[in-house]
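Descriptive analysis of the structure
Letter by letter, the chains look like this.
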Amino acid sequence: MIRKNKSALHEKDGVSQPETTSKSSAQKIKLNRSKQPSVDEFVTEILNGSIPFLSRAITLVESTNAKHQKKANQILERCLPYANNSIRIGITGVPGVGKSTFIESFGKHLTHQNKKVAVLAIDPSSSVNKGSILGDKTRMEELVTDTNAFIRPSPSGTSLGGVAQKTRESIILCEAAGFDTIIIETVGVGQSETAVHSMVDFFLLLKVAGTGDELQGIKRGIIEMADAIVINKADGDNIQKAKIAKTEFNRALHLYPPKESSWQPKVLTCSAIKHNGIAEINNLINAFLQLTKKNGYFVKRRNEQNTFWLKATIDQQLKDAFYNNPIIVKELAKEINNLEKGNTTPFNAAKRLLDL
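The structure contained in this document is the topic of the report that follows. (Residues numbered from 1 in each chain as written. Predicted model: local features only at pLDDT ≥ 70, side-chain atom pairs only at ≥ 80, totals over all residues. Heavy atoms only, no water.)

A few words now on the packing of aromatic side chains. Considering all chains together, one arrives at 6 aromatic pairs under this definition. Taken together, a centroid distance of 6.0 Å and an interplanar angle of 35 degrees make the contact between Phe-150 and Phe-179 tilted. On the criterion of sequence distance, the pair formed by Phe-150 in strand S3 (residues 149–155) and Phe-179 in the loop between helix H7 (167–176) and strand S4 (181–185) is long-range, its members being 29 residues apart. Judged by relative accessible area, Phe-150 falls into the buried class, the value being 3%. Given a relative accessible area of 2%, Phe-179 falls into the buried group. Taken together, the aromatic side chains of Phe-202, Trp-263 and Phe-288 make up a single cluster linked through ring pairs. Cation over ring: Lys-116 sits above Phe-179, and NZ or CZ is 4.6 Å from the ring centre. Above the ring of Phe-298, the side-chain terminus of Lys-293 is found at 5.0 Å from the ring centroid. (Phe/Tyr/Trp six-rings, centres within 6.5 Å; stacked < 30°, edge-to-face > 60°. Helix = DSSP H or I, 4+ residues; strand = E, 2+ residues; numbered from the N terminus. Buried < 20%, exposed > 50% of the residue type's maximum accessible area, 1.4 Å probe, protein only. Lys NZ or Arg CZ within 6 Å of the ring centre and 35° of its normal.)

Put into structure tokens, the structure is as follows:
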């Protein structure tokens, strides 16, 4: 019998694999992914503490899409009656001071006390390509897996000092979802301290000893805003340096007039990596809350925050309306061209555009 030559390179039928997902189920999954939940669904799920829906709502809040903004505003309005029931803590410090390590250690301390902690971390955006690393979740490996914690890194965009423009709205959503402690981490550069101070109840400044930064830290603006100064990395060979820095900052604090809250800012040391001094910082914040709620400053401060948010929102919407106006878009290009040719000045060009 003569066999026909067959190529060795041929394909045999394999064993057919069972479908792990039925066609109908796959279609449902596809529909669920493409279908945007209603406002009612968003609000119900957020109030039930759903993290996926909270994350999606914050994404809507951060979106520049007009439809998304409209829906986000409806969600915010519905969630507002369930907000304002947390302590808002702002944490700032120069890069390298250990903000992420401190927040993870402090956050774990709170969750062990059955507190629900939301961390809104602001990552700096590139001025070149507008991108952000959003790496806080990788830096807080333990806290990110804690069921009582929620970490949301957001790009700073072009907002003042690296504070995300929508952070204030995100706070409301987190509070409605049942988080009783909101921590806002800033990039620690520029004017971010001023912006964060306007949206928190307690403002904590992180410093580190032994870097020559002690005297640089004794500056009027940041010291006046701080409700507490914490010298981080007080461990190993740095313990003595941290004690010296604590003494210097304490002396500086006594040079300033008393705060309107009647609170005397304190200086503490801690080692976030070794979890030393974290409980004392929490006790200090609780003492601040007890005092300010008793003397009425806490409520007054919250009212001031709302006023600031109102004005900031008006400023942003006026700016958006200006730059999105078709006439302005057209005339702005002309004025830029005139600037490049040296036919006008930035001030005259701006006046003409604003007069339109």
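Back to the text.
Another point: the packing of helix H5 (residues 99–111) against helix H12 (residues 278–295). Where H5 contacts H12, the axes come no closer than 10 Å and their chain directions differ by 70 degrees. Taken together, H5 and H12 sit at an angle that is classed as roughly perpendicular. Residues Phe-102, Ser-105, Phe-106, His-109 and Leu-110 of H5 form the contact with H12, whose own contacting residues are Ile-278, Ala-279, Ile-281, Asn-282 and Ile-285. Across the contact of H5 with H12, the residue classes tally to 7 nonpolar, 3 polar and no charged. (Axes fitted to C-alpha atoms, helices over the stretch in contact; angles between N-to-C directions. Parallel < 35°, antiparallel > 145°, perpendicular 65-115°, else oblique. Contact = heavy atoms within 4.5 Å. Nonpolar A, V, L, I, M, F, W, Y, C, P; charged D, E, K, R; others polar.)

Turning next to the pattern of salt bridges. Scanning the entire structure with this criterion turns up 12 salt bridges. Among the salt bridges present, the one from Glu-62 reaches Arg-152, with a minimum N-O distance of 3.1 Å. Pair noted here: Glu-62 is in helix H3 (residues 51–62) and Arg-152 is in strand S3, with a separation of 90 residues, a long-range link. Among the residues examined, Glu-62 registers a relative accessible area of 26% and is labelled partly exposed. (Salt bridge = Lys/Arg side-chain N within 4 Å of Asp/Glu carboxyl O.)

Moving on to unusual backbone geometry. Even without being glycine, Asn-114 reaches a positive phi, approximately 65 degrees. Within the secondary structure, Asn-114 is located in the loop between H5 and strand S2 (117–123). Phi at Ser-262 is positive, roughly 70 degrees, even though this residue is not glycine. In this fold, Ser-262 is placed in the loop between helix H11 (239–253) and strand S7 (266–269).

Two elements, strand S6 (residues 228–232) and S7, share 4 bridges in a ladder whose sense is parallel. Pairing of Val-230 across the sheet is with Leu-268, part of S7. Running through H11, the crossover from S6 to the neighbouring parallel element S7 is right-handed. (Pairing = 2+ DSSP bridges. Right-handed = clockwise from strand over helix to strand, strands pointing away.)

The next point concerns H12. In this model H12 runs 26 Å from its N-terminal to its C-terminal C-alpha over 18 residues, within 8% of the 26 Å that 1.5 Å per residue would give. The complete set of buried residues in H12 reads Ile-278, Ile-281, Asn-282, Leu-284, Ile-285, Phe-288, Leu-289 and Thr-292. Angular distribution of buried residues about the axis of H12 spans 155 degrees; they occupy a single face of the element. Those residues of H12 that are exposed and aimed more than 90 degrees away from the buried face are Gln-290 and Lys-294. On its buried face, H12 is in contact with strand S1 (87–92), H5, strand S5 (202–208), S6, S7 and helix H13 (297–324). (Expected span 1.5 Å × (residues − 1). Arc of directions from axis to C-beta.)

To continue, consider the side chain of Ser-63. Summarising the element assignment, Ser-63 is placed in the loop between H3 and helix H4 (66–79). Among the polar contacts made by the side chain of Ser-63, one reaches the main-chain amide nitrogen of Asn-65 at a distance of 3.0 Å. For Ser-63, the side chain forms a polar contact with the side chain of His-68, separated by 2.9 Å. (Polar contact = N/O pair within 3.5 Å; in protein donor to acceptor, adjacent residues only side chain to side chain.)

On the surface, Leu-310, Ile-314 and Leu-318 cluster together to form a nonpolar patch covering roughly 300 Å² of accessible area. What makes Leu-310 exposed here is its relative accessible area of 53%. (Patch = residues over 30% accessible without salt bridge, like charges linked within 9 Å, V, L, I, M, F, W, Y side chains within 5 Å. Areas by Shrake-Rupley, 256 points an atom, 1.4 Å probe, with all protein chains shown as cover.)

To continue, consider the environment of Arg-352. With respect to the element layout, Arg-352 can be found in helix H15 (residues 346–355). A relative accessible area of 38% places Arg-352 in the partly exposed class. Taking the C-alpha atoms as reference points, Arg-352 and Leu-332, separated by 20 residues in sequence, lie 9.6 Å from one another. The contacts of Arg-352, once residues within four sequence positions are left out, are Glu-335 and Thr-344. In terms of polar contacts, Arg-352 uses its side chain to reach the side chain of Thr-344, at 2.8 Å.

Time to look at the nonpolar core. Ranked by internal contacts, the top residues of the largest apolar core, which has 47 residues, are Ile-46, Ile-75, Leu-173, Cys-174 and Ile-229. Here this core takes 6 residues from H3, the largest share from any one element. Setting aside residues no more than four positions away along its own chain, Cys-174 makes contact with Leu-54, Ile-58, Ala-118, Leu-120, Phe-150, Phe-179 and Ile-182. Formed by 33 residues, the second largest nonpolar core is a distinct cluster that contains Ala-149, Ile-151, Cys-270 and Ile-281. (Core = buried A, V, L, I, M, F, W, Y, C linked by side-chain atoms within 4.5 Å.)

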